[in-house]
Amino acid sequence: MRLFSVLAGLLSVVLALPVVAQEVVPVAEATTTEPAAPETTAEATPVSTSPGLTAPDLEAWMDGYLPYALKRGDIAGAVVVVVKDGQVLLQKGYGYADLEARTPVDPETTLFRPGSVSKLFTWTAVMQLVEQGKLDLDADVNTYLDFEIPARDGQPVTLRNIMTHTTGMEEQIRGLITDKPEEIVPLGEALKYWVPERIFAPGGTPAYSNYATALAGYIVERVSGQSFDDYLDQHIFAPLDMQHASFRQPLEPELLALMSKGYATASDGKAKDYEFISLAPAGSLAASGGDMAKFMIAHLQDGAGLLKPETAEQMHGTGQASVGPLNRMMLGFYETTTNGHRAIAHGGDTQWFHSDLQLFPDDGIGIFISVNSSGKEGAPGKIRGYLTQAIADRYLPGPSAGGTDEAVDEATAKAHAQAMAGNYESSRRPDSNFMSIVNLLGQVQVVANEDGTISVPMLTNHGGAPRKWREISPWLWQDVDGGERLAADVVDGQVVRFSAEPLAAIMVFERLPWWKSSALLLPLLGLSLFVLLATVVAWPVSALVRRHYGVPYKLGGADARAHRRIRWTALAVSATVLGSFGLVITMMSDLNLLSPASDLYVNLMRLVATVVLPLGALLALANAWHVLRAVVACRRRSGRWRSRCPACSCCGSASRRTCWATAPTTDPLLVSRMVRGHAPRASFPEVTP
């Protein structure tokens, strides 16, 4: 068992080592492209290019698809709205807003939680103040704040960075959603409590940030002189006559009565509490399908009622490049061009509600869908993704986006696939805080297939199977079953990052060095925990075995102290590692546990880990040194060196074996029997070190 003790100690050193910051690879900074001047003098009102899109045909198709999809996905209810050329084409509820009361979804009055689709309202408010000259998209945001956002590499954060998700801020998960209204504090207070680290220089790396969006909402408050809620009521909801929409928390009683319940699954049927969003401008909107139709029509008609046409065009057409030619991030919207039809969009998720809004500005078409259940097997994401793609394929046919004219031969495709293979981590990640543990568990793998295609298991199709991507031009791939593309940034012949549509606008995946790959670290972690736990379990087991055979514990003095110390160390390190992972996994399974009420447990675990892991590493090294010295001393005294010493009293064994290095016999059979513990103890004298 002493061997387990040594291994446990050495492997605990690995667990205590801090993760070394990944070296930053220089990547060309993404560029911002202003909207091109129109080639014609067309009027502002979009002209529909989809004559086949009619209300009867669309409703028949929707009725044939959505009820089945909701049933299969175990989702209680949904609302769908489609607008075209300034008019509502389809506005319909499916399923139930309240399962217990059997209340059906009313598309005009039933409120849903659009999640991050709320951000489009925040961005619209920002652009209103920009066109009034009260905000500058390229000014340091500290100009408008009463606290400081530190610069990164000498570069400040700007509103343009915020609207294109290129502030470089790490992900903030703490306190994002709660069901306890008392945990909601004023916006400014929430923002000042913790400012995320900036892990990238601004303007170059997409990294979606709820905190940054809330910062923009706080700037709206400070510059307008109104609360964020009052500003939205007066300058967005009132002009559009949106009577069933609100960012307020708690929701007004008359609107709360119309609010759909949220569910984990329809089959479970247990209504969840209303979700409160701590960073309200990033996702606290509650709105009906009918009101979302009004918002879509306003943006499709060049900002009518909200923005000047030139401001709307700037918002919809100013693109921040991501990786290669992939769809870009506009000022608040992300680009989702489909079948050659320009499209801008935003999705949104709370724990129970899942939504998507898509606009086809040149076709005058807008689509909004929201469901009120998490469902099973990722059903909400598959439903909303399929629905918008299917509508585009049915009514807006056209060629999918391709690559360049430069062809890729089979040998090059296979070489590029091998170059892509490996592990990556998302640019949208917690990096400096306790929740960074999830980065190890959530790495993205790229696999090179034998036929020269690549697969990314994380990216699945509507059926849940991993997609395959075929290279269509150098370092640009296309889904073999669809039009979405994947591209890589290459520096000095090495892939440094990649992204894929529709994620490219808001995040990229950065190549990890081998020593940070979960393919290495997770097996090593598993082996470490196995040895540590084996050492801990061996403690009582060996005591019971000694008691059963009447063998005394033969270590004494420094040997005994070191022996006991390393077992306590193994127990402490095992408990700390398992406790840390257990806490993170538990908190990620229920976002309510990420509220400030859990700070005590998080800080306690951080304190314990900070003390136990480094101390455990030091004690492990000290124990290893002590054991090695004891073994060397034993063999020197014996005067004989063998390939191994199976431990006697000088090596810490409590078994019936004695040291074969000093056995007074040359009988191989007797030595073999002695080593296996079968020889009588009287056959050999005890060896005293």
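The preceding data block contains the structure.
Everything numeric in this text was worked out from a predicted model, so none of it was measured.

Analysis parameters
Residues numbered from 1 in each chain as written. Predicted model: local features only at pLDDT ≥ 70, side-chain atom pairs only at ≥ 80, totals over all residues. Heavy atoms only, no water. Pairing = 2+ DSSP bridges. Helix = DSSP H or I, 4+ residues; strand = E, 2+ residues; numbered from the N terminus. Buried < 20%, exposed > 50% of the residue type's maximum accessible area, 1.4 Å probe, protein only. Contact = heavy atoms within 4.5 Å. Patch = residues over 30% accessible without salt bridge, like charges linked within 9 Å, V, L, I, M, F, W, Y side chains within 5 Å. Areas by Shrake-Rupley, 256 points an atom, 1.4 Å probe, with all protein chains shown as cover. Salt bridge = Lys/Arg side-chain N within 4 Å of Asp/Glu carboxyl O. Phe/Tyr/Trp six-rings, centres within 6.5 Å; stacked < 30°, edge-to-face > 60°. Lys NZ or Arg CZ within 6 Å of the ring centre and 35° of its normal. Axes fitted to C-alpha atoms, helices over the stretch in contact; angles between N-to-C directions. Parallel < 35°, antiparallel > 145°, perpendicular 65-115°, else oblique. Left-handed = near helix turned anticlockwise from the far one by under 90°.

1. Description of the sheet that holds strand β14 (residues 365-371)
Argument step 1. The strand order β4-β3-β2-β14-β13-β12-β11 describes an open sheet built from 7 strands, whose pairing is antiparallel. Since the sheet does not close on itself, it has two edges, and those belong to β4 (103-104) and β11 (334-335), each with one partner.
Argument step 2. In terms of strand pairing, strand β2 (residues 77-84) meets β14 through 7 bridges, oriented antiparallel. By the bridge assignment for β14, Val80 is matched with Ile369.

2. As for the side chain of Ser278
Argument step 1. Structurally, the position occupied by Ser278 is in the loop between β8 (276-277) and β9 (286-288).
Argument step 2. What makes Ser278 buried here is its relative accessible area of 17%.
Argument step 3. In this structure, Ser278 is in contact with Gly175, Leu176, Ile184 and Ala190, ignoring residues within four places of it in sequence.

3. Topic: a nonpolar patch on the surface
Argument step 1. Residues Leu604, Leu607, Val608, Val611, Leu615 and Leu618 make up a contiguous nonpolar surface patch of roughly 540 Å² in combined accessible area.
Argument step 2. For Val608, the location among the structural elements is in helix α16 (residues 599-638).
Argument step 3. Since its relative accessible area comes to 32%, Val608 is described here as partly exposed.

4. Re the environment of Phe237
Argument step 1. As for its placement among the helices and strands, Phe237 is situated in helix α7 (residues 228-237).
Argument step 2. With residues up to four places along the chain from it excluded, the contact list for Phe237 reads Phe121, Leu232, Met242, Ala245, Ser246, Phe247 and Leu285.

5. Details of the packing of aromatic side chains
Argument step 1. By the definition in use, this model includes 14 aromatic pairs.
Argument step 2. Relative to Phe237, the ring of Phe121 has its centre 5.9 Å away and its plane inclined at 55°; by these criteria the two rings are tilted. Note that Phe121 is positioned in helix α3 (residues 119-131) and Phe237 in helix α7, a separation of 116 residues in sequence. Here the two residues Phe121 and Phe237 agree in accessibility, since each one is buried.
Argument step 3. The structure contains a cluster of three or more aromatic residues connected by ring pairs, namely Phe121, Phe228, Phe237, Phe247 and Phe295.
Argument step 4. Of note, Arg102 hangs over the ring of Tyr96, and the distance from its end group to the ring centre comes to 4.1 Å.
Argument step 5. Over the ring of Trp352 we find Lys272, and its NZ or CZ is 5.1 Å from the ring centre.

6. Examining the packing of α3 against helix α9 (residues 289-300)
Argument step 1. Running from N to C, α3 and α9 point in directions that differ by 45°, and their axes come no closer than 12 Å. Classified by the angle their axes make, α3 and α9 are oblique. As for the relative orientation of α3 and α9, their crossing is left-handed in sense. Residue-level inspection shows Leu120, Phe121 and Thr124 of α3 in contact with α9, the latter providing Met292, Phe295 and His299.

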